[in-house]
Amino acid sequence: ADLTDQGLEPANLQIVLYRLYRDAVAQGLWNEATKHGAGLTLARYGVLGGTREMLSGYLDEVISALDSDEAQRRAQVILKNMVTAQRTKAALTGREIARGQLAAQAGLDETELDALLAYLRARRVVRKFGDEDRYELAHEVLVEKVLAWISDEELRVLDVRDMLRRELSNYKKFGYLLPKERLELVEACCEVLTLEVDEFEMLFRSALAAGYKAEYWFRRAQAESVDVKTIARAGLQSENFRTRVAAVQTLGQLGDVFMEDLIDMLDDLYPQVRVAAIAALEHMRPDGVWRAHLKYECYVPAGKFIMGDDKSDQSNEKPSHEVYLDAYYIGKYLVTNAEYARYREAVGQPFTVPEGKENYPVVSISWYDARDYAAWAGMRLLSEAEWEKAASWEGIGAITRDRQKEQKRQYPWGDQFDKTRCNTDESGISRTTPVRRYSARGISPYGCIDMAGNVWEWTSSIYKSYPYRADDGREEMTSGDIRVLRGGSFYDNESAARCAYRIISYPHARNITDGMRCGVSVLPESSDLKPRG
């Protein structure tokens, strides 16, 4: 009954019977010379531990019979590769065994592997599948014996190795890629894993899709002659914006050869991709020669400007004062309904775009809504100082500068109000307009549109009196204090459209005149910008 339950094949049955025979001789139960005696008994079968113990003991004998400690260790390594972390047998090809992590660590070459496999097969502890180059342990009962030789660390590596084998099959059959969680498992063993070329390709494609350690897997796959450049370029065309972000980040590490590819991504519909392209190009070419190709963002160089307006009848605009700002990028346009809808879809909060108003500014959003959108986009809300400089300061780097010295404008286009250049109450439209409507006439010194009228724009700043200081608590992003909005709206008159004009609102308020514009800092060359989302 025990033999039947174990499902022994003839070779295994031979091992068990031979062990019983040797025991019978040793115990005097069988006389080899006279071929007479009690023979094989059930009692001795039980004493010897039954089939499981006899096969395990036999495996020890097979290993011990090898002529050196090193040969014994290497034979054990081969057998370790033939079990899984799930405590089952693994059927492997000779190449898979040779490339298996434990075998690689043992330094087995092809000749030694073939010789040891032949030895283990001849002694019936390993079997081969017909004419296939595939091997496995001869019986399930050997699995526990082999697992006892394996350390916890080796078991973890085997688990990852098994997972990769399954994932590679799914990748080849269905094109499935690994999610970030499984990439992290592989990464934990990446310094000791021995991988196939196909696995390197799968891991690199997965890293691109997941936006996780793509540059690392680029290097490793490239060393294995995977055509990573073609794959990375293909990633730029992916429908998944996260894959495009990862592809941009990877190409940004590889030099000027990909500069044109990155410039093309400045026109991507998703801000995360554009921000990644800006960061990559800043790192690649800090001289900024590529900035002429910006489509959705405008560059504002570092430097001082004059904030506020002493001539105003609004006390909260006084005193005018000098403020220094680091360089930054600001959105050329207000955030549209279409852009906001993509964000809400990505975070699982559907947003209905008013019919025909995809390219109109999103409105009725709170400061918290604006902050969260900016974070998802890999950007941030601008401080009111950054907003005012971009709207009014005709200084170094201003693309519309036609004066001989740095000056401040009352309105984004100049000092005289012109209702044809913006959407305010004077325009008589009484509703929002598409964000590109005033591109030709309402442009600010650095190229921004709609910085006067259309909708009020949330800034990051808590309302405080002047002079402006970024380090006095007004840029605290977790506070529930009232925030500053800038720019005026379709509902307001020319006075509110002045660049220095300030209004305030509670961060939870949602008004039909309130929208937003985002920006992003110019990071130091050593920084690593990785947009969220």
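Residues numbered from 1 in each chain as written. Predicted model: local features only at pLDDT ≥ 70, side-chain atom pairs only at ≥ 80, totals over all residues. Heavy atoms only, no water.

Peer 1: Please explain the overall build of the protein as it appears in this structure.
Peer 2: Across its full length, the protein carries 20 helices and 15 strands. Its C-alpha atoms give the protein a radius of gyration of 36 Å, clearly above 24 Å, the size a compact globule of 533 residues would have. Overall size of the protein, expressed as C-alpha extent along the three principal axes, is 125 × 45 × 45 Å. Burial analysis of the protein (533 residues in total) assigns 50% to the buried set. The long-range share in the protein, meaning contacts at least 24 apart out of those at least 6 apart in sequence, stands at 68%. Surface summary for the protein: the accessible area is close to 24,700 Å², and the carbon and sulfur share equals 48%. A distance of 2 Å separates the average location of the 71 positive side-chain charges in the protein from that of its 83 negative side-chain charges. (Helix = DSSP H or I, 4+ residues; strand = E, 2+ residues; numbered from the N terminus. Rg over C-alpha atoms; globule rule 2.2 N^0.38 Å. Buried < 20%, exposed > 50% of the residue type's maximum accessible area, 1.4 Å probe, protein only. Contact = heavy atoms within 4.5 Å. Areas by Shrake-Rupley, 256 points an atom, 1.4 Å probe, with all protein chains shown as cover. Lys, Arg positive; Asp, Glu negative; His and termini not counted. Charge placed at Lys NZ, Arg CZ, Asp CG, Glu CD.)

Peer 1: Help me understand the packing of aromatic side chains in this model?
Peer 2: The geometry of an aromatic ring pair comes down to the distance between the two centres and the angle between the two planes. Tallied over the entire structure, the rule returns 23 aromatic pairs. Between Tyr340 and Phe351 the ring centres are 5.2 Å apart and the planes differ by 85 degrees, which places this aromatic pair in the edge-to-face class. With a gap of eleven residues between them, Tyr340 in helix H18 (residues 337-346) and Phe351 in the loop between H18 and helix H19 (367-376) connect regions that are remote in the sequence. Of the residues examined, Tyr340 reaches a relative accessible area of 2% and is grouped as buried. Site record: aromatic cluster; members linked through ring pairs are Phe241, Tyr270, Tyr340, Tyr343, Phe351, Tyr373 and Trp376. A cation over a ring is seen here: Arg291 above Tyr299, with NZ or CZ 3.7 Å from the ring centre. The ring of Tyr360 is capped by Lys357, whose NZ or CZ atom sits 5.4 Å from the centre of that ring. (Phe/Tyr/Trp six-rings, centres within 6.5 Å; stacked < 30°, edge-to-face > 60°. Lys NZ or Arg CZ within 6 Å of the ring centre and 35° of its normal.)

Peer 1: Can you walk me through the nonpolar core in this structure?
Peer 2: Nonpolar side chains tend to gather and get buried jointly when the protein is soluble and globular. Counting residues in each nonpolar core, the largest one holds 75 residues, and the members touching the most others are Leu164, Val186, Phe204, Trp217, Val248, Trp290 and Tyr373. Look past the residues within four positions of Trp217 in its chain and what remains in contact with it is Val186, Cys190, Leu195, Phe200, Leu203, Phe204 and Ala207. Ranked by size, the runner-up nonpolar core spans 38 residues in total, among them Leu20, Tyr45, Tyr58 and Val62. (Core = buried A, V, L, I, M, F, W, Y, C linked by side-chain atoms within 4.5 Å.)

Peer 1: Explanation requested: unusual backbone geometry in the structure shown.
Peer 2: Leaving glycine aside, a negative phi is the common case for residues, and trans is the common case for peptide bonds. Here the bond from Lys318 into Pro319 is cis, since omega is -5 degrees, no more than 30 degrees from zero. Summarising the element assignment, Pro319 is placed in the loop between strand E5 (303-307) and strand E6 (321-325). Pro467 follows Tyr466 through a cis peptide bond whose omega is 10 degrees. You can see Pro467 is positioned in the loop between strand E11 (456-462) and strand E12 (483-486). Unusually for a residue other than glycine, Arg124 sits at a positive phi of about 70 degrees. Residue Arg124 is classed as partly exposed on the basis of its relative accessible area of 38%. With phi around 65 degrees, Ser430 is a residue other than glycine that occupies positive phi space. Considering the arrangement of structural elements, one finds Ser430 in the loop between strand E10 (407-408) and E11.

Peer 1: Any chance you could explain the sheet that holds E12 here in plain terms?
Peer 2: Think of a sheet as strands paired side by side through backbone hydrogen bonds, with each pair either parallel or antiparallel. Spatially, E13-E12-E11-E14 is the arrangement adopted by the four strands of the open sheet, whose pairing is mixed. The open sheet is flanked by strand E13 (503-505) and strand E14 (514-516), the only strands paired with a single partner. Shown here is a sheet whose adjacent strand axes are inclined to one another by a mean of 50 degrees, direction ignored. Note: E12 against E13, three bridges, orientation antiparallel. Counterpart to Leu485 in the pairing with E13 is Ile503. Of the strands in this sheet, E11, E12 and E14 are in contact with H19, which crosses E11 at around 85 degrees. (Pairing = 2+ DSSP bridges. Axes fitted to C-alpha atoms, helices over the stretch in contact; angles between N-to-C directions.)

Peer 1: Before we go on, may I ask you to explain a nonpolar patch on the surface in this structure?
Peer 2: Residues Leu13, Leu17, Tyr18, Tyr21, Val25 and Leu40 make up a contiguous nonpolar surface patch of roughly 500 Å² in combined accessible area. On the secondary structure map, Tyr18 appears in helix H2 (residues 10-26). (Patch = residues over 30% accessible without salt bridge, like charges linked within 9 Å, V, L, I, M, F, W, Y side chains within 5 Å. Salt bridge = Lys/Arg side-chain N within 4 Å of Asp/Glu carboxyl O.)

Peer 1: For this particular structure, what's the right way to read helix H15 (residues 241-251)?
Peer 2: Turn by turn, an α-helix covers 3.6 residues, leaving residues three or four places apart pointing in a common direction. Among the eleven residues in H15, nine count as buried, and that is most of the element. Looking only at H15, the buried set comprises Phe241, Thr243, Arg244, Val245, Ala246, Ala247, Val248, Thr250 and Leu251. Looking at the buried side of H15, the elements it contacts are helix H12 (197-210), helix H13 (214-223), helix H14 (228-235), helix H16 (259-264), helix H17 (271-284) and H19. For H15, the side-chain oxygen to backbone nitrogen distance between the N-cap and Arg242 is 2.8 Å, and the N-cap itself is Asn240. (Polar contact = N/O pair within 3.5 Å; in protein donor to acceptor, adjacent residues only side chain to side chain.)

Peer 1: Hey, could you run me through the packing of H2 against helix H4 (residues 50-64) in this one?
Peer 2: The axes of two packed helices give the description: the angle between them and the distance between them. Where H2 contacts H4, the axes come no closer than 10 Å and their chain directions differ by 90 degrees. Considered as vectors, H2 and H4 are oriented roughly perpendicular to each other. Taking contact as the criterion, the partners of Asn12, Ile15, Val16, Arg19, Leu20 and Arg22 in H2 are, on H4, Thr51, Met54, Leu55, Tyr58 and Glu61. Classifying every residue of the contact of H2 with H4 gives six nonpolar, two polar and three charged. (Parallel < 35°, antiparallel > 145°, perpendicular 65-115°, else oblique. Nonpolar A, V, L, I, M, F, W, Y, C, P; charged D, E, K, R; others polar.)

Peer 1: Looking at this structure, how should I read empty space enclosed by the protein?
Peer 2: It is the rolling of a water-molecule-sized probe over the atoms that shows where space remains empty. Taken as a whole and assessed by the stated rule, the structure comprises one cavity of 30 Å³ or more. When its volume is computed, the largest cavity comes out at roughly 30 Å³. Among the residues forming the lining of the largest cavity, the class breakdown is five nonpolar, one polar and two charged. (1 Å grid on protein atoms, 1.4 Å probe; cavity = no way out; pocket = protein on both sides within 12 Å on 5 of 7 lines; lining within 4 Å. Points joined across faces, edges and corners; volume = space filled by probe spheres on them.)

Peer 1: How do you make sense of the pairing of E11 when you look at a structure like this?
Peer 2: Put simply, side chains in a regular strand alternate between the two faces of the sheet. Within E11, seven of the seven residues are buried, leaving the element largely enclosed by the surrounding structure. Here E11 shows two buried faces, one formed by Trp456, Trp458, Ser460 and Ile462 and the other by Glu457, Thr459 and Ser461. Bridging between E11 and E14 involves three bridges; their strand directions are parallel. In the strand pairing of E14, Glu457 is matched with Gly515. Relative to E12, E11 runs antiparallel, the two being bridged by three bridges. What sits directly across from Glu457, in E12, is Arg486.

Peer 1: I tried to follow the sheet that holds strand E4 (residues 297-300) on my own but got confused; where do I start?
Peer 2: In spatial order, the strands read E4-E7-E15-E8; together these four strands make up an open sheet with antiparallel pairing. At either end of the open sheet lies a strand with only one pairing partner, and these are E4 and strand E8 (380-381). By the bridge criterion, two bridges tie E8 to strand E15 (residues 518-521) in an arrangement that is antiparallel. Pairing of Arg380 across the sheet is with Gly519, part of E15. In this fold H17 packs onto E4, strand E7 (328-331) and E15, with an angle of close to 35 degrees to the strand it touches most, E4.

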